[in-house]
Amino acid sequence: MAKNEMMANAIRALAMDAVQQANSGHPGAPMGMADMAVALWGDHLRHNPANPHWMNRDRFVLSNGHASMLIYSVLHLTGYDLPISELKNFRQFGSKTPGHPEVDVTPGIETTTGPLGQGLSNAVGMALSEKLLASEFNRSKGKTDLTIVDHHTFVFMGDGCLMEGISHEAIALAGAWKLNKLIALYDDNGISIDGQVAPWFIDNTPMRFAACGWNVIDAVDGHDSAAVSAAIAGAKSSIDKPTLIVCKTHIGKGSPNRANTSKAHGEPLGAEEIGLTRTAINWPHTAFDVPKETYAAWDAKARGGKLEAAWDKKFAAYTKAHPELAAEFVRRMQGELPKSFSQLAVDTVVGAHTKAETVASRKASQLALESFTAGLPELLGGSADLTGSNLTNTKATPALRFDANGDVVKTEAANGSLVGGRHINYGVREFGMAAIMNGVALHGGFIPYGGTFLTFSDYSRNAIRMAALMKLRVIHVFTHDSIGLGEDGPTHQSIEHAASLRLIPNLDVWRPGDTAETAVAWAVALENKTRPTALLLSRQNLPYAPKDDVGQISKGAYVLAEPAEVGLNKKAQAVIIATGSEVQLALKAQEMLATQKIAVRVVSMPSTTTFDRQDAAYKSKILPEGIPRIAVEMGVTDGWWKYGCAAVIGIDTFGESAPAGVLFKHFGFTPENVVATVRKVLRKK
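Residues numbered from 1 in each chain as written. Predicted model: local features only at pLDDT ≥ 70, side-chain atom pairs only at ≥ 80, totals over all residues. Heavy atoms only, no water.

1. Quick look at the sheet that holds strand S5 (residues 182-188)
What counts here: Criterion used throughout: strands pair if DSSP finds at least two bridges between them. Helix numbers and strand numbers start at the N terminus; a helix is a DSSP run of H or I with at least 4 residues, a strand a run of E with at least 2. Only the stretch in contact is used when a helix axis is fitted, and all axes are lines through C-alpha atoms; the angle between N-to-C directions ranges over 0 to 180 degrees.
Read from one edge to the other, the open sheet built from five strands follows the order S1-S4-S5-S9-S8, with strand pairing classed as parallel. Edge positions in the sheet fall to strand S1 (59-62) and strand S8 (215-221), since each has one partner strand and no second. Taking the axes of each pair of neighbouring strands and ignoring which way they run, one obtains an average angle of 15° across the sheet. Sheet topology places strand S4 (residues 153-157) next to S5; five bridges connect them, and they run parallel. When the sheet's bridge partners are listed, Phe154 is paired in S5 with Ile183.

Below, the structure written as structure tokens:
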């Protein structure tokens, strides 16, 4: 048996054995892509099994994540810390081999994949990060090459990834950005769960990619590892385009009765068929038994160690020539904020508190960003064709552009240095933007943020969920957060979106009510190294809410106004909880109730998710037991009852098309209605 065939058959055997033992999984795709993996991992991929986090490694993304036994097999065979016992424990509780690849669970996994199309989009974000970091940090000194950022991003993907609409968004942007170090290998086997795809998937995929500015290498025999390797070598020579390699394959390759059928896709082959397959591929070994010569052929530890050692030597020379740049590169790749950040955050929040401006919270966000983007070069912003509405651009973040050669266009900064753009025009591609930002965060070196209207968070939702699952520092700027946007009507008015986002585990959701709360929300989001953040911001202006102290805002909820602040020196009879623009309603109602000798505490709760993480003592301090609570928010009421509210002023229908003031009155978001609700609650007591 030829060496490459032996290497590929090891993947096929391990895949079918692990799926059979788990009685669950997808053997067909790993068996079909095995030769592609031999070509990439055997001949091209620059990685080091001893250090999966080597900064200049090539990135590999398995976008069709159901084929997880492909990557698990290769990681095991090449020498990563993934012993055969973990492959035997495939899909079992507590194993390092979950059903779909999960970053930070399995060494060598770059991103969590499974929802099809998102892995490809993550790869676009990774390739973008590589290109931007290379433009920013690479140097030369005389004839000495000090190129410290120089790696490729490879992605395997199948028909399902390309049927998902997000793939259109991602490949269009990859072409526009001329990501020449992005190489996608398409497992073109013509089979999906429902069978032959021809009746429902008739896209001319090569022409589609070519139309989006990609280099296309078509009709490669995906079972000829030498041919695939040659195609990859050709793709690596591209200087201004990403490359698609179309690999013609057979799903379940090697299985006499399951190959080329949907039966190979998502179920075990069965003991009988596995026996027939072993004979067909000349693999006489028992389950999970891999010969020493096969391990030797796959072993990448020595080569990986040499690759990293060579890079270490170059980085040492770089550090000597450019010590400040080297330290900055390491800091950013490790995801650490600069030492100056704490003071920067304090200055930004105190500045907002001192100025006490009346602006929309979307404008308050931009004001905070002016400060943070100036102080944090790793902030990489953008908007889905709504820059003028989301206000995600700042003086420090010129638009990201590429020249005809694919190089980053640089402009002169205030200090005279040349800098690349840091604000991305994503176009009307909310889902693609969100998934690409995940890839940017996964690669390292940048903290991505991107904007759209809150109602369009529905388009982005699964990528937001994936960011939360992967514990990524990604920031979503969602403006036009309520019926307050007025005449655009119910299609654009967010009703259920705040509550819906709050349901996603590990996602922080902030709906600030003024400039100080917005600045705090940004500061907390930037410090959140292991969770994404959604900022829900108003279109309409919000008066500044006077406050003695901004220190407790970061806890998600705080006492904004006690009865004494409106002239009543008595204990609060009720607590009004409000978020965002409704904080002003609560404060006005508090004043009106004071004239009726009814004492009310106003609690601003800009982040329910953050407040929910506080200890019981703090929660009871803000929301004392035995005092009725009334919540006010322009959204569905369901999420507020968990706080023991006696009443919730919300909106459980869709909005209407009308000026904002008319809508507020129609739906009961007036001080008078808040007063009436409080009085009704107290009468009930």
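2. Some details on the packing of aromatic side chains
Counted only if it meets this: When two rings of Phe, Tyr or Trp (its six-membered ring) have centres within 6.5 Å they constitute a pair, described as stacked for plane angles under 30 degrees, edge-to-face for angles over 60, and tilted for the intermediate range. Only protein chains enter the accessibility calculation, which uses a 1.4 Å probe. A residue is then buried if its area is under 20% of the maximum for its type, exposed if over 50%, and partly exposed in between.
Tallied over the entire structure, the rule returns 16 aromatic pairs. Residues Trp177 and Tyr426 carry aromatic rings whose centres are separated by 6.1 Å and whose planes lie at 75° to one another, so their mutual orientation is edge-to-face. Here Trp177, found in the loop between helix H7 (166-176) and S5, pairs with Tyr426, found in the loop between strand S14 (423-425) and helix H17 (430-443); they are 249 residues apart in sequence, far enough to count as distant. Plain terms: the ring middles of Phe315 and Tyr318 are 5.9 Å apart, the flat faces sit at 15° to each other, and that makes the pair stacked. On the criterion of helical spacing, the pair formed by Phe315 and Tyr318 is a turn pair, its members being three residues apart in helix H12 (residues 301-321). A single burial state applies to Phe315 and to Tyr318, both of which are buried.

3. Let's talk about empty space enclosed by the protein
Put simply, the test is: The method works on a 1 Å grid over the protein atoms by themselves. A cavity is a set of points holding a 1.4 Å probe that cannot get out, a pocket is an open set with protein on both sides within 12 Å along at least five of seven lines, and residues with an atom within 4 Å of a point line them. Grid points are joined across faces, edges and corners, and a volume is the space filled by probe spheres set on the points. Polar here means any residue other than Ala, Val, Leu, Ile, Met, Phe, Trp, Tyr, Cys and Pro, which are nonpolar, and Asp, Glu, Lys and Arg, which are charged; Gly is therefore polar.
Inspection of every chain in the model, using the stated rule, returns two cavities of 30 Å³ or more. If you go around the largest cavity, the residues you meet are Phe60, Val61, Leu62, Ile71, Pro101, Gly108, Ile109, Glu110, Thr111 and Thr113. Here the element with the most residues in the lining of the largest cavity is S1; it accounts for three residues. Partitioning the lining of the largest cavity into residue classes produces six nonpolar, three polar and one charged. Looking at the second largest cavity, its volume works out to about 60 Å³. Residue lining of the second largest cavity: Leu454, Asp481, Ser494, Ile495, His497, Ala498, Arg511, Glu633, Met634 and Gly635, and that is the complete set. Each residue belonging to the lining of the second largest cavity can be placed in one class, and the counts come to four nonpolar, three polar and three charged.

4. A few points about the nonpolar core
Among soluble globular proteins, nonpolar side chains are generally buried collectively. What counts, and what does not: The term nonpolar core refers to a set of buried residues drawn from Ala, Val, Leu, Ile, Met, Phe, Trp, Tyr and Cys, joined through side-chain atoms within 4.5 Å. In what follows, residue pairs with any heavy atoms lying within 4.5 Å of each other are defined as contacts.
By size, the foremost hydrophobic cluster in this structure holds 80 residues, and its most contacted members are Phe372, Trp522 and Phe669. Take this core: its biggest share by element is nine residues, from helix H20 (residues 515-527). Ignoring sequence-local partners within four residues, the contact set of Phe669 consists of Ile483, Glu582, Leu585, Val632, Glu633, Met634, Ile649, Gly650, Ile651 and Phe664. Residues Trp54, Met157, Ile424 and Val440 belong to the second largest nonpolar core, which totals 62 residues.

5. Some words on the pattern of salt bridges
Rule in force here: Salt bridges are counted wherever a side-chain nitrogen of Lys or Arg sits within 4 Å of a carboxyl oxygen of Asp or Glu.
Across all of its chains, the model carries 26 salt bridges by this definition. When the shortest N-O distance is used, the salt bridge between Glu130 and Lys181 registers 3.3 Å. A residue pair is termed long-range when its members are at least 10 positions apart, and Glu130 in helix H5 (residues 118-137) and Lys181 in the loop between H7 and S5 qualify at 51 residues. Sharing partners across several salt bridges, the network here consists of Asp481, Arg502, Arg511, Glu582 and Glu633.

6. Observations regarding the packing of helix H14 (residues 341-355) against H20
The line we're drawing: Oblique is the label for any angle not under 35 degrees, not over 145, and not in the 65 to 115 range, which are roughly parallel, roughly antiparallel and roughly perpendicular in turn. By convention, the crossing between two helices is left-handed when the near helix turns anticlockwise from the far helix through less than a right angle, and right-handed when the turn is clockwise.
Here H14 crosses H20 at 165°, and the two axes come no closer than 7 Å. In terms of their interaxial angle, H14 and H20 are classed as roughly antiparallel. Considering how the two elements wind past one another, H14 and H20 form a crossing that is right-handed. Across from Phe341, Ala345, Thr348, Val349, Ala352 and His353 in H14, the residues of H20 making contact are Thr515, Ala516, Ala519, Val520, Ala523, Leu526 and Glu527.

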